[in-house]
Amino acid sequence: MVKTRTTQEGADDGYVPSPRRIERERFKRVRARRTTAVAALSTLVTGAVLFLVITRSPGWPRTRETFFSLEYARMALPKVLDGLLLNLRLLVVCGAAVLVLGLLLAVARTLRGPVFFPLRALAAAYTDFFRGLPLIICLLMVVFGVPALRLQGVTTDPVLLGGSALVLTYSAYVAEVFRAGIESVHPSQRAAARSLGLSGGQALRFVVLPQAVRRVVPPLLNDLVSLQKDTGLVSIAGAVDAVYAAQIIAGKDFNFTPYVVAGLVFVALTIPMTRCTDWITARMDRRRAQGGLV
């Protein structure tokens, strides 16, 4: 028996789904169940094939002992987690500095008028240079080059120097993300703000930047995910983070299981951030499709 739809007051509104609609809904449910079953089956088959190929290979026993030793994993996990605290602190501090410096660079590149040309040129040169320079080379130059200058009052702490190199590189990428967001705002928004009596700076601050930042949240979160992974590169300067802690343990017996543990820890941090980015992106796309996001 088909139930009729009722209103909020509980009265019958007389709606009865047609047989065609009922059949369509039933077909959708059947198709959804079939799709889920096929996806689950194909995943199981693929996983089983990969498992058999890997475990039946001639070098698997030695590889399992060298890379997947439970004994070394239990030994490495506490020390890797202790080193991970340094990576998290670098992520928070460097992430905040990258956002501020990147926004300033983006604003400098979008300033109008010939008087601001030197500032625009310097900002463009900065972003071009550090976007083209590999991060590992930037780290080596800062970590080993700055102390070699023997400047008075300049730190030689590898953590601070490594964090500075991360900020220098990632601020160039984030600046381009912010600049793309600023330039995506239609010029009529700025013109409308000026017609209401706002100055150029006020129009940028209160009208353009809020819309630009809202539009570039997903790519900014992607850059944050990349920064979280690259904090492990400060280990080349001797800072004892998760990667260097794993290197110390692995160097004693030439067992590389600690590296696998450190990698899995980074993956465990990255996946929630990635899923959060996907959720925010999908939410913004739905709002934009409904006309709720300018």
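Here is what the cut-offs are and how they apply
- Residues numbered from 1 in each chain as written.
- Predicted model: local features only at pLDDT ≥ 70, side-chain atom pairs only at ≥ 80, totals over all residues.
- Heavy atoms only, no water.
- 1 Å grid on protein atoms, 1.4 Å probe; cavity = no way out; pocket = protein on both sides within 12 Å on 5 of 7 lines; lining within 4 Å.
- Points joined across faces, edges and corners; volume = space filled by probe spheres on them.
- Helix = DSSP H or I, 4+ residues; strand = E, 2+ residues; numbered from the N terminus.
- Buried < 20%, exposed > 50% of the residue type's maximum accessible area, 1.4 Å probe, protein only.
- Axes fitted to C-alpha atoms, helices over the stretch in contact; angles between N-to-C directions.
- Parallel < 35°, antiparallel > 145°, perpendicular 65-115°, else oblique.
- Left-handed = near helix turned anticlockwise from the far one by under 90°.
- Contact = heavy atoms within 4.5 Å.
- Nonpolar A, V, L, I, M, F, W, Y, C, P; charged D, E, K, R; others polar.
- Phe/Tyr/Trp six-rings, centres within 6.5 Å; stacked < 30°, edge-to-face > 60°.

**Section: the layout of surface pockets**
Now for step 1: As a volume, the largest pocket reaches approximately 160 Å³.
Now for step 2: In terms of lining, the largest pocket is formed by V107, T110, L111, R112, F116, R190, R194, G200, G201 and L204.
Now for step 3: Sorting the residues of the lining of the largest pocket by element identifies α7 (187-195) and α8 (200-215) as the ones contributing at least two each.
Now for step 4: Ranked by residue count, the leading element in the lining of the largest pocket is α8, at three residues.

**As for the environment of G47**
Now for step 1: Residue position: G47 is located in helix α1 (residues 19-55).
Now for step 2: Residue class for G47 comes out partly exposed when judged on its relative accessible area of 37%.
Now for step 3: Note: C-alpha distance between G47 and C138 (91 residues apart in sequence) is 40 Å.

**Describing the packing of helix α6 (residues 158-184) against helix α9 (residues 217-230)**
Now for step 1: Interaxial distance between α6 and α9 falls to 10 Å at its minimum, and their mutual angle equals 165°. Comparing their axes, α9 and α6 come out roughly antiparallel. Seen from above, α6 lies across α9 with right-handed handedness. For the pair α6 and α9, the contacting residues are L166, Y170, Y173, V174, V177 and F178 in the first and P219, L220, D223, S226, L227 and D230 in the second.
Now for step 2: For the contact of α6 with α9, the class distribution of residues is nine nonpolar, one polar and two charged.

**Here's the deal with the packing of aromatic side chains**
Now for step 1: Taken as a whole, this structure holds six aromatic pairs when the rule is applied.
Now for step 2: Taking 5.5 Å as the distance between ring centres and 25° as the angle between the ring planes, the aromatic pair formed by F67 and F256 counts as stacked. One end of the pair, F67, is in helix α2 (residues 60-67); the other, F256, is in the loop between α10 (242-253) and α11 (257-289), and 189 residues separate them in sequence.
Now for step 3: On the basis of relative accessible area, F67 is assigned to the partly exposed category, the value being 34%.
Now for step 4: By relative accessible area, which is 33% here, F256 ends up partly exposed.
Now for step 5: Plain terms: the ring middles of Y126 and F130 are 4.7 Å apart, the flat faces sit at 45° to each other, and that makes the pair tilted. Of this pair, Y126 and F130 both sit in helix α4 (residues 117-132), separated by four residues, roughly a single helical turn.
Now for step 6: Given a relative accessible area of 18%, Y126 falls into the buried group.
Now for step 7: Owing to a relative accessible area of 12%, F130 belongs among the buried residues under this scheme.
Now for step 8: Among the aromatic side chains, those forming a connected cluster through ring pairs are F67, F256 and Y259.

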